[in-house]
Structure formats: structure tokens, C-alpha cells
Amino acid sequence: MEITTQFVQNQANGTADGLVYEKLENLAKHYNWLIRAKVVFKEEKSSDGKRKVCDIMLNCPGPQIFASSNEESFEMSVAETIRDLEVQLKKRKSEIKPF
């Protein structure tokens, strides 16, 4: 699976970048039909302190799968977004009909 990451108006964070690669590679082992992942990290203004946003879009057969979350740190945001993707991927896998 091809993985691209982008930090919007923010400096690259090596730990968040490494964590997202590790988690997405793990997903690719379980769901071998994943083609590409686009990850966008950004900071938003927020009054509740949850400012770090992680958006992940997965290209796969059928419609794209997208998840986003905002937390206090990029690492927490990555973990929450991956959990959301896992739920969607399990549902997609159950809908795929074997040939």
C-alpha cells in the first residue's frame, strides 16, 4: 500500500508520522485490497483544547473510506482515526462478495 503524509501549516512530527505508517502497514496486512492511503495532519483553532487533526483517506475497491479526528496531540488523533477506519474496514470486508 502506498502511504503519503502531509502536514498543513505545521512542522513535520516524526513520531506521528512513524506511528501512522506503522498502524497503516498493520491494516494493510489484514486488508490486502487496500491500494493507497493519504494522511493529512493539521492544527485547528478550538476552544476545548482538541486542536490536532488527523484525516486519513483510504483508496480501495468501491467507494473511498475516510476518517478524521481531532485530539490534544497528533498521536492521540492518529489512534482514534485508525480505530474509526478499522470499524469501516470490517464492515466493508463483510460486504465483499467472493467470486
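Residues numbered from 1 in each chain as written. Predicted model: local features only at pLDDT ≥ 70, side-chain atom pairs only at ≥ 80, totals over all residues. Heavy atoms only, no water.

**Some words on the overall build of the chain**
Part 1: The number of helices and strands found in the chain is two helices and four strands.
Part 2: Taken from the N to the C terminus, the helices and strands of the chain come in the order β-α-β-β-β-α.
Part 3: Taken over C-alpha atoms, the radius of gyration comes to 14 Å for the chain, in line with the 13 Å a tight globule of 99 residues would show.
Part 4: Seen through its principal axes, the chain has C-alpha atoms that stretch 50 × 25 × 20 Å.
Part 5: Taking the contacts inside the chain whose residues are at least 6 apart along the sequence as the reference set, 48% of them involve residues at least 24 apart.
Part 6: Only carbon and sulfur atoms are counted for the fraction: they give 49% of the accessible area of the chain, which is about 6300 Å². (Helix = DSSP H or I, 4+ residues; strand = E, 2+ residues; numbered from the N terminus. Rg over C-alpha atoms; globule rule 2.2 N^0.38 Å. Contact = heavy atoms within 4.5 Å. Areas by Shrake-Rupley, 256 points an atom, 1.4 Å probe, with all protein chains shown as cover.)

**Section: the environment of Asn-70**
Part 1: Along the chain, the position of Asn-70 falls in strand E4 (residues 65-71).
Part 2: Here the alpha-carbon distance between Asn-70 and Phe-41, two residues 29 residues apart in the chain, equals 9.8 Å.
Part 3: Apart from the residues within four sequence positions on either side, Asn-70 is in contact with Lys-50, Lys-52, Val-53 and Ser-77.

**Details of the sheet that holds strand E3 (residues 52-59)**
Part 1: Taking strand neighbours across the sheet as the criterion, the four strands line up as E1-E2-E3-E4 in an open arrangement whose pairing is mixed. Looking along the sheet, the strands with just one partner apiece sit at the ends: strand E1 (2-8) and E4. With direction set aside, neighbouring strand axes in the sheet form an average angle of 15°.
Part 2: The pairing of E3 with E4 spans seven bridges and is antiparallel. Each residue of the ladder has a partner; that of Leu-58, found in E4, is Ile-65. (Pairing = 2+ DSSP bridges. Axes fitted to C-alpha atoms, helices over the stretch in contact; angles between N-to-C directions.)

**Some points on the packing of aromatic side chains**
Part 1: A full pass over the atoms with the stated rule returns four aromatic pairs.
Part 2: Here Phe-7 and Phe-41 contribute two aromatic rings whose centre-to-centre distance is 4.7 Å and whose plane-to-plane angle is 20°, an arrangement assigned as stacked. In this pair, Phe-7 is assigned in strand E1 and Phe-41 in strand E2 (residues 36-43), connecting sequence segments 34 residues apart.
Part 3: The class of Phe-7 is buried, set by a relative accessible area of 17%.
Part 4: Taking 5.7 Å as the distance between ring centres and 70° as the angle between the ring planes, the aromatic pair formed by Tyr-31 and Trp-33 counts as edge-to-face.
Part 5: Its relative accessible area of 8% is what places Tyr-31 among the buried residues.
Part 6: Assessed through its relative accessible area of 18%, Trp-33 is described here as buried.
Part 7: One aromatic cluster is present, built from ring pairs that chain together Phe-7, Phe-41 and Phe-74. (Phe/Tyr/Trp six-rings, centres within 6.5 Å; stacked < 30°, edge-to-face > 60°. Buried < 20%, exposed > 50% of the residue type's maximum accessible area, 1.4 Å probe, protein only.)

Nothing here speaks to function; it is all geometry.
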